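# Overview (structure and organization)
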Amino acid sequence: MNLPADVQNIINVLESNGHEAYAVGGCVRDCILGKIPHDWDITTSALPEQVKALFSRTFDTGIEHGTVTVLMHGIGYEVTTYRVDGKYEDGRHPKEVTFTASLEEDLKRRDFTINAMAYNDSKGLVDLFGGKQDLDSGIIRAVGNPTERFTEDALRMLRALRFSAQLGFEIEHATYQAIKELAPTLERISAERIQVEMVKLVTSPHPEKIRDVYETGLTKIFFPEFDNMMECEQVNKHHMYTVGEHTIVAMGLAPADKVIRLTMMLHDIAKPVCKTTEENGQNHFKMHPVKGAEMARLVLRRLKFDNDTTDRVCNLVKNHDDRPEINQRNVRRMIIRVGQENFNDLLEVKKADCLAQSMYHREEKLAYIEELERVFGEIVAAGDCLKIKDLKINGKDLIEMGVPQGQRIGEVLKTIFDAVVENPSLNERETLLTMARDMLQ
Ligand code: ATP
Ligand code: MG
């Protein structure tokens, strides 16, 4: 295993001062998989104060849990003292952590065998729970007794599914059964921690693992709307799956972008509540995009997503099924409604949605999206006015014309903007000044 020079250096300094030190956890796992780790964690027998004394630049990131960040060449490395987690009384946090001199004890407290390996050049790979073999055979397995481990920290259940999605691994039988049994205890876990794991799962190479989040009973706890989708049949010629299966397939077909994948996850969230059945047995879902945007907002708020992500996802959910007749004017209006900066995302959402439907009118639907994309490109290339700011006049011009400052300025600009959107050739300074003068007569 090739440790980066800085990691090697930190380990050397600790070892030459009489301590043990290893790279540990995710970085060891990723190295064995031939992936480049996104960060390096070090575990050591040295106490936090001893670590701090040996390095010139350190931060007390989680000193009460034994973690000191050592800064080298602008990169922070988390150096954590070997520890045993004390009793978990609430299914979330250990009551206290105790430092230990034993690497084995430290590895035992970790969640999965593939995350419980340590490495340094002098001792080689330390793999006490068969992590290497599980990595080779693609298995997520709890360290020790899965029921006990999930009782200590219920978040580990969702982490198991997240790792299975990131790595394309299966969850070992007893570990999976323990998740099914203890799923209701996820209720104790904060929304923020659930969000982190869900984003990783949803943006992974295997977002379809969200099906297991449902089947184990976990979505029911923090996202019951998903269960309703999974249980919602859609008898409709455009569809061949339940709402939930369509959602899962659409997620897998969309690019692995956070906003786009979350949009796919939520785009049909309102179908179960908007469902109606015609006399011929066909289902319809009138207004589900608008209602869906409202429901998506509640879900994203509940999971404590930031406002920017929430707004962008809800906007895409709301517009996912918009299909105006294509001409320059309609598409300009659509770009303005959706926001130019969101339009490429909307096109991706539409493609994934279409490809997860039945073959009915598939070619026409794809041709429509292609045409929409083409006209969008034309409008952008033409530099058409798509924002009030793009107008060749501004508020200052109106003030000079004698319009009193305040609301009226905005109203005049908006009227002129609407006219320019109808007819982009009006966007000439003289033309707009004349228009404004006429309006103020
Ligand atoms: P990622 O690539 O997502 O960072 P990771 O394996 O590094 O994956 P982290 O959440 O950064 O995951 O945690 C680092 C290590 O700490 C894990 O590999 C695991 O050994 C341990 N760990 C993290 N969270 C838990 C937990 N809830 N219970 C037990 N061990 C945990
Ligand atoms: Mg990590």
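Structural notes, computed from the coordinates. Computed from a predicted model, the values in this text were never measured in an experiment.

## Some details on the overall build of the protein chain
The helix and strand tally for the protein chain stands at 23 helices and 13 strands. Here the C-alpha atoms of the protein chain give a radius of gyration of 28 Å, more than 25% beyond the 22 Å that 2.2 N^0.38 yields for 441 residues. Its C-alpha atoms give the protein chain principal-axis dimensions of about 85 × 60 × 35 Å. Across the 441 residues of the protein chain, 50% fall into the buried class. Taking the intrachain contacts of the protein chain between residues at least 6 apart in sequence as the baseline, contacts between residues at least 24 apart amount to 63%. On the protein chain, roughly 20,600 Å² of surface is accessible, and the fraction owed to carbon and sulfur atoms is 50%.

## Here we look at the sheet that holds strand 1 (residues 21-24)
Here we have 7 strands laid out as an open sheet, ordered 3-4-5-2-1-8-9, and mixed in their pairing. The open sheet has two edge strands, strand 3 (58-62) and strand 9 (124-126), and neither has a second partner. Between one strand and the next, the sheet's axes are offset by a mean angle of 35°, whatever the strand orientation. Two strands pair when backbone bridges link them, and strand 1 and strand 8 (residues 118-120) are joined in this way by 2 bridges, in the antiparallel orientation. Paired with Ala23 across the bridge in strand 8 is Tyr119.

## With respect to the site of ligand 1
With respect to spatial proximity, 15 residues lie near ligand 1, and among them Arg29, His38, Asp153, Arg156 and Arg162 are the closest. In this structure, an oxygen atom belonging to ligand 1 sits 3.3 Å away from a main-chain N or O atom of Gly26. Backbone polar atom of Asn115 to an oxygen atom of ligand 1: 2.9 Å apart, as the coordinates give it. Across the complex, the protein chains shield 80% of the 590 Å² of accessible surface that ligand 1 would expose by itself. Under a 2 Å grid-point criterion requiring more than half of the atoms, the pocket assigned to ligand 1 is the largest pocket. Counting residues per element, the ones that place at least two in the shell around ligand 1 are helix 2 (26-32) and helix 7 (155-167).

## Some words on the packing of aromatic side chains
Enumeration according to the criterion identifies 3 aromatic pairs in this entry. Its guanidinium or amino end placed over the ring of Phe163, Arg162 lies 4.0 Å from that ring's centre, counting from NZ or CZ. Geometry around Phe285 places Lys271 over its ring, the cationic atom sitting 4.7 Å from the centre.

## Digging into empty space enclosed by the protein
With the rule as written, the count across this model stands at 1 cavity of 30 Å³ or more. Taken as a whole, the largest cavity holds about 30 Å³ of empty space. If you go around the largest cavity, the residues you meet are Met198, Val199, Val202, Leu262, Met265, Leu303 and Phe305. The element contributing the most residues to the lining of the largest cavity is helix 9 (residues 191-202), with 3 residues. Classifying every residue of the lining of the largest cavity gives 7 nonpolar, no polar and no charged. Per-domain counts for the lining of the largest cavity show at least three residues from each of domain 2 (138-222) and domain 3 (225-384).

## Quick word on the layout of surface pockets
Reported here for the largest pocket is a volume of approximately 1,400 Å³. What lines the largest pocket is a set of 46 residues, among which Asp41, Arg109, Arg110, Asp111 and Arg159 lie closest to the centre. For the lining of the largest pocket, the class distribution of residues is 13 nonpolar, 14 polar and 19 charged. Each of domain 1 (5-130) and domain 2 (138-222) accounts for three or more of the residues forming the lining of the largest pocket. For the second largest pocket, the calculated volume is near 510 Å³. Taken together, 22 residues line the second largest pocket, and the ones lying closest to its centre are His238, Asp321, Arg323, Gln357 and Lys365. Of all the secondary-structure elements, those providing two or more residues to the lining of the second largest pocket are helix 19 (340-355) and helix 20 (362-382). At 4 residues, the largest contribution of residues to the lining of the second largest pocket is made by helix 20.

## Structural notes on the pattern of salt bridges
The full count for this structure, using the stated rule, is 34 salt bridges. A salt bridge links Arg83 to Asp85; the nearest nitrogen and oxygen atoms lie 3.0 Å apart. Considered together, Arg83 and Asp85 belong to a single accessibility category, that of buried residues. Within the structure, one salt-bridge network assembled from shared partners comprises Asp111, Arg159, Arg162 and Glu197.

## Quick notes on the pairing of strand 4 (residues 67-72)
Most of strand 4 sits out of view: 5 of its 6 residues are buried. Across 3 bridges, the pairing between strand 3 and strand 4 is antiparallel. Residue pairing in the sheet places Gly62 in a bridge with Thr67 of strand 4. The turn joining strand 3 and strand 4, which pair antiparallel and follow one another in sequence, is formed by 4 residues; a positive phi near 90° is taken by Gly66. Alignment of strand 4 against strand 5 (residues 75-81), held across 6 bridges, turns out to be antiparallel. The partner of Val70 across the bridge, within strand 5, is Tyr77. Where strand 4 folds back onto strand 5 in an antiparallel hairpin, the turn is made up of 2 residues, including His73, whose phi is positive at roughly 50°.

## Quick notes on unusual backbone geometry
In this model, His73 sits at a positive phi of 50°, which is unusual for a non-glycine residue. On the secondary structure map, His73 appears in the loop between strand 4 and strand 5.

Calculation criteria
Residues numbered from 1 in each chain as written. Chains lettered and ligands numbered in written order. Predicted model: local features only at pLDDT ≥ 70, side-chain atom pairs only at ≥ 80, totals over all residues. Heavy atoms only, no water. Helix = DSSP H or I, 4+ residues; strand = E, 2+ residues; numbered from the N terminus. Rg over C-alpha atoms; globule rule 2.2 N^0.38 Å. Buried < 20%, exposed > 50% of the residue type's maximum accessible area, 1.4 Å probe, protein only. Contact = heavy atoms within 4.5 Å. Areas by Shrake-Rupley, 256 points an atom, 1.4 Å probe, with all protein chains shown as cover. Pairing = 2+ DSSP bridges. Axes fitted to C-alpha atoms, helices over the stretch in contact; angles between N-to-C directions. Near = heavy atom within 4 Å. Polar contact = N/O pair within 3.5 Å; in protein donor to acceptor, adjacent residues only side chain to side chain. 1 Å grid on protein atoms, 1.4 Å probe; cavity = no way out; pocket = protein on both sides within 12 Å on 5 of 7 lines; lining within 4 Å. Sits in = over half its atoms within 2 Å of the grid points. Phe/Tyr/Trp six-rings, centres within 6.5 Å; stacked < 30°, edge-to-face > 60°. Lys NZ or Arg CZ within 6 Å of the ring centre and 35° of its normal. Points joined across faces, edges and corners; volume = space filled by probe spheres on them. Nonpolar A, V, L, I, M, F, W, Y, C, P; charged D, E, K, R; others polar. Domains from an automatic or database assignment. Salt bridge = Lys/Arg side-chain N within 4 Å of Asp/Glu carboxyl O.

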